[in-house]
Amino acid sequence: MKICPLYDRVVVRRNDEEEKSTGGIVLPSGAQEKPNQGEVVAVGDGAVLDDGGRRPLALKVGDKVVFGQYAGSNTVKLDGEELIIMREDEIYARIEG
Amino acid sequence: MKICPLYDRVVVRRNDEEEKSTGGIVLPSGAQEKPNQGEVVAVGDGAVLDDGGRRPLALKVGDKVVFGQYAGSNTVKLDGEELIIMREDEIYARIEG
Amino acid sequence: MKICPLYDRVVVRRNDEEEKSTGGIVLPSGAQEKPNQGEVVAVGDGAVLDDGGRRPLALKVGDKVVFGQYAGSNTVKLDGEELIIMREDEIYARIEG
Amino acid sequence: MKICPLYDRVVVRRNDEEEKSTGGIVLPSGAQEKPNQGEVVAVGDGAVLDDGGRRPLALKVGDKVVFGQYAGSNTVKLDGEELIIMREDEIYARIEG
Amino acid sequence: MKICPLYDRVVVRRNDEEEKSTGGIVLPSGAQEKPNQGEVVAVGDGAVLDDGGRRPLALKVGDKVVFGQYAGSNTVKLDGEELIIMREDEIYARIEG
Amino acid sequence: MKICPLYDRVVVRRNDEEEKSTGGIVLPSGAQEKPNQGEVVAVGDGAVLDDGGRRPLALKVGDKVVFGQYAGSNTVKLDGEELIIMREDEIYARIEG
Amino acid sequence: MKICPLYDRVVVRRNDEEEKSTGGIVLPSGAQEKPNQGEVVAVGDGAVLDDGGRRPLALKVGDKVVFGQYAGSNTVKLDGEELIIMREDEIYARIEG
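From a predicted model like this one, the values you see are computed outputs, not experimental measurements. (Residues numbered from 1 in each chain as written. Chains lettered and ligands numbered in written order. Predicted model: local features only at pLDDT ≥ 70, side-chain atom pairs only at ≥ 80, totals over all residues. Heavy atoms only, no water.)

## Here's the deal with the interface of chain B and chain A
In this complex, chain B contributes 21 residues to the contact, which on the side of chain A involves 22 residues. Summing both sides of the interface, chain B and chain A together bury roughly 1900 Å²; the carbon and sulfur share of this comes to 57%. The interface formed by chain B and chain A contains one salt bridge. For Arg 87 of chain A, the salt bridge is made with Asp 89 of chain B, and the minimal N-O distance between the two is 2.9 Å. Where chain B meets chain A, there are nine residue pairs in polar contact (both at pLDDT 80 or more). Considering every element that reaches the side of chain B that touches chain A, the biggest residue donor is strand E9 (residues 91-96) of chain B, with six residues. (Contact = heavy atoms within 4.5 Å. Buried area = accessible area lost by both parts, 1.4 Å probe. Salt bridge = Lys/Arg side-chain N within 4 Å of Asp/Glu carboxyl O. Polar contact = N/O pair within 3.5 Å; in protein donor to acceptor, adjacent residues only side chain to side chain. Helix = DSSP H or I, 4+ residues; strand = E, 2+ residues; numbered from the N terminus.)

## Focus on the interface of chain F and chain G
Taken together, the contact between chain F and chain G spans 22 residues of the former and 21 residues of the latter. Counting the surface lost from both chain F and chain G, the interface buries some 1900 Å², and carbon and sulfur atoms represent 56% of this. The interface formed by chain F and chain G holds two salt bridges in total. A salt bridge links Arg 9 of chain F to Asp 89 of chain G; the shortest N-O distance between them is 4.0 Å. Along the contact surface separating chain F from chain G lie nine residue pairs in polar contact (both at pLDDT 80 or more). Contributing elements (two or more residues each) for the side of chain F that touches chain G: strand E1 (2-5), strand E7 (75-78) and strand E8 (81-87) of chain F. In this sheet, strand E9 (residues 91-96) of chain G lies alongside E1 of chain F in antiparallel orientation, the contact comprising four bridges. Directly across from Lys 2 of chain F, in E9 of chain G, lies its bridge partner Glu 96 of chain G. (Pairing = 2+ DSSP bridges.)

## Here we look at the pattern of salt bridges
One pass over the structure, following the stated rule, counts 58 salt bridges over all chains. Of the charged contacts, one joins Lys 64 of chain G and Glu 39 of chain G as a salt bridge, the two residues approaching to 3.1 Å between their closest N and O atoms. Placement of Lys 64 of chain G in strand E6 (residues 64-67) and of Glu 39 of chain G in strand E3 (residues 37-43) is noted, with a sequence separation of 25 residues between them. Its relative accessible area of 42% is what places Lys 64 of chain G among the partly exposed residues. Put simply, Lys 60, Asp 63, Arg 94 and Glu 96 of chain A are held in one network by salt bridges that share partners. (Buried < 20%, exposed > 50% of the residue type's maximum accessible area, 1.4 Å probe, protein only.)

## Observations concerning the environment of Asn 15 of chain A
Residue and element names in this part refer to chain A. Locating Asn 15 in the fold gives a position in the loop between strand E2 (9-14) and strand E3 (37-43). In this structure, the C-alpha to C-alpha distance between Asn 15 and Gly 38, residues 23 residues apart in sequence, is 4.7 Å. The contacts of Asn 15, once residues within four sequence positions are left out, are Pro 35, Gln 37, Gly 38 and Glu 39.

## Quick notes on the relation of the copies chain F and chain G
For the pair chain F and chain G, the relating rotation is 52°, the translation along its axis is 0.0 Å, and the fit reaches an RMSD of 0.0 Å. In this assembly the copies use different faces: only 5% of the residues contributing to the interface of chain F also contribute to that of chain G. (Least-squares fit on C-alpha atoms with pLDDT ≥ 70 in both.)

## Concerning the sheet that holds E6 of chain G
Taken in spatial order, the seven strands of this open sheet run E1(F)-E9(G)-E6(G)-E3(G)-E2(G)-E8(G)-E7(G), and their pairing is antiparallel. Each end of this open sheet is capped by a strand with a single partner; those strands are E1 of chain F together with strand E7 (75-78) of chain G. Here the strands of the sheet are splayed against their neighbours by 40° on average, with no regard to which way each runs. Bridging between strand E2 (residues 9-14) of chain G and strand E8 (residues 81-87) of chain G involves four bridges; their strand directions are antiparallel. Paired with Val 11 of chain G across the strands is Ile 85 of chain G, a residue of E8 of chain G. (Axes fitted to C-alpha atoms, helices over the stretch in contact; angles between N-to-C directions.)

## Focus: the side chain of Asn 36 of chain G
With respect to the helices and strands, the residue Asn 36 of chain G is situated in the loop between E2 and E3. At 3.4 Å, the side chain of Asn 36 of chain G and the side chain of Arg 14 of chain G are in polar contact.

Below, the structure is given as structure tokens:
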């Protein structure tokens, strides 16, 4: 079973909360907040341009990303795993290395 | 009797609530929430472009889709069956396989 | 006496409430709600494009339509009959057959 | 003394309330509401386009019109007569015959 | 000392309240309201177009104008006289004769 | 040390409150309000156009300006002096002579 | 580990609060406010244009900047250091010298 986001939407697997303490990038948060970073698992086939054409997304599957505080509210469960769907514009940055 | 959505609108048959427990994709929800997935039963003939032209929709009849939490409020009954009408942009992703 | 909607506006004769029980398409509603479907009785000569041109409407006189819950609030009486005026974009779908 | 609306604005003389009972088009209203129809007495020289050009208005002096419920709040008195100024887009339809 | 509005802004000298009773155009108002008409005393050098060009304004110095109820709140004092600055789009009409 | 506003932003040195009583232009204000006029001390290199190009600003360093009531809230201190940063569009007019 | 902002986003290292008293530019603030200035540590590869192209950003790594009061709320921790992510448009000016 495969999820194919439409247009400029992106599916992200949020990092485990345990990973928050392993160093690297975390969003400062109260103890009950979930980390706003994860890994891209699927990307749409492009944002719609005014003339009806498409602009390919900047992100690709496997990218590590940081996203906005309110971007994580649309979730789906795929084969038992919870994933987040958001627009690419709600993703702030890619983390490398 | 046939329903023909205008422009970028799409008609979706929501999955039965029983299907929620069969595995696959579901939106986490309280017991009383309806599943935010379904099957496309009709699509409009294209979104309107700034120059008056049309952009064909990405979805087609038969596609399995996941849609936004608030996308399911416009319903019609066709030959006794309740269907949902929404804009294609309110649909997050297509599910394959 | 004739009503000529401007630009992208459309005039609709709402179905009688009695028709609600005849089957076909109805919007689920409490007993006091009016049906959100009807027949197009007049259409404007086209939506205005950015360059000042016109885009002809998709609907034509005689089309059976389903419209949004809040689209029915602008009414006029023509020769004693109450009609609704809305933008074409407030109409969700055409019903055929 | 003459009033010349700018751009896409239109000046309308509202029908007398007595005319409401003569038949024809009226907006259903409580006893204290004013009729939302009238006659165009002046039109602007065109809506501004994105490129700075003008799009001539669809209405002309003498047209009988129906306008929106909230379109009638900007009034001027010209030689003792109260007139309404609105954008052409706030006018729903022209009445003929 | 001279005031030069930028772009699509216009400077207007509001009519004296005494003029309200001399006939001609007045906005119906409670006793404490100021008249929403006046004379243009300066105009900007043009509205900015999308491509960075300018569209010359329709109004010129000396025009008698009627403006919106909320357009009169930005005032400046020039050599002791209170003037109003507004966008040209907040002006409804020019009065001639 | 030098401040270089980005794009369409402008840095303004607000007039001293004492200058308010010297005549010329002032915004009517309660005793505790600051004057909404000043002198331009730095301008950005141009507003961004839709095609990514730049439109040079109308103002230049040294211009005396009047600005909007709410335009003065973003302040910076440069070498001990408080300055205001605003978009050029928040400036109403240039004062000459 | 490296952070790569998407499109028109910029990563800024906020100045230490101690630096506030060293002179130079500071935003007037209550004792508990953080300084709204810092140094650019990463920039996106360009803002998206209407036609799908990119406009390179004006800022580059190492620039000293002043940013808006509400621009500092999206923070990430990179290798233990807290950084701010914002759109370039939320940055008011570059400080030189």
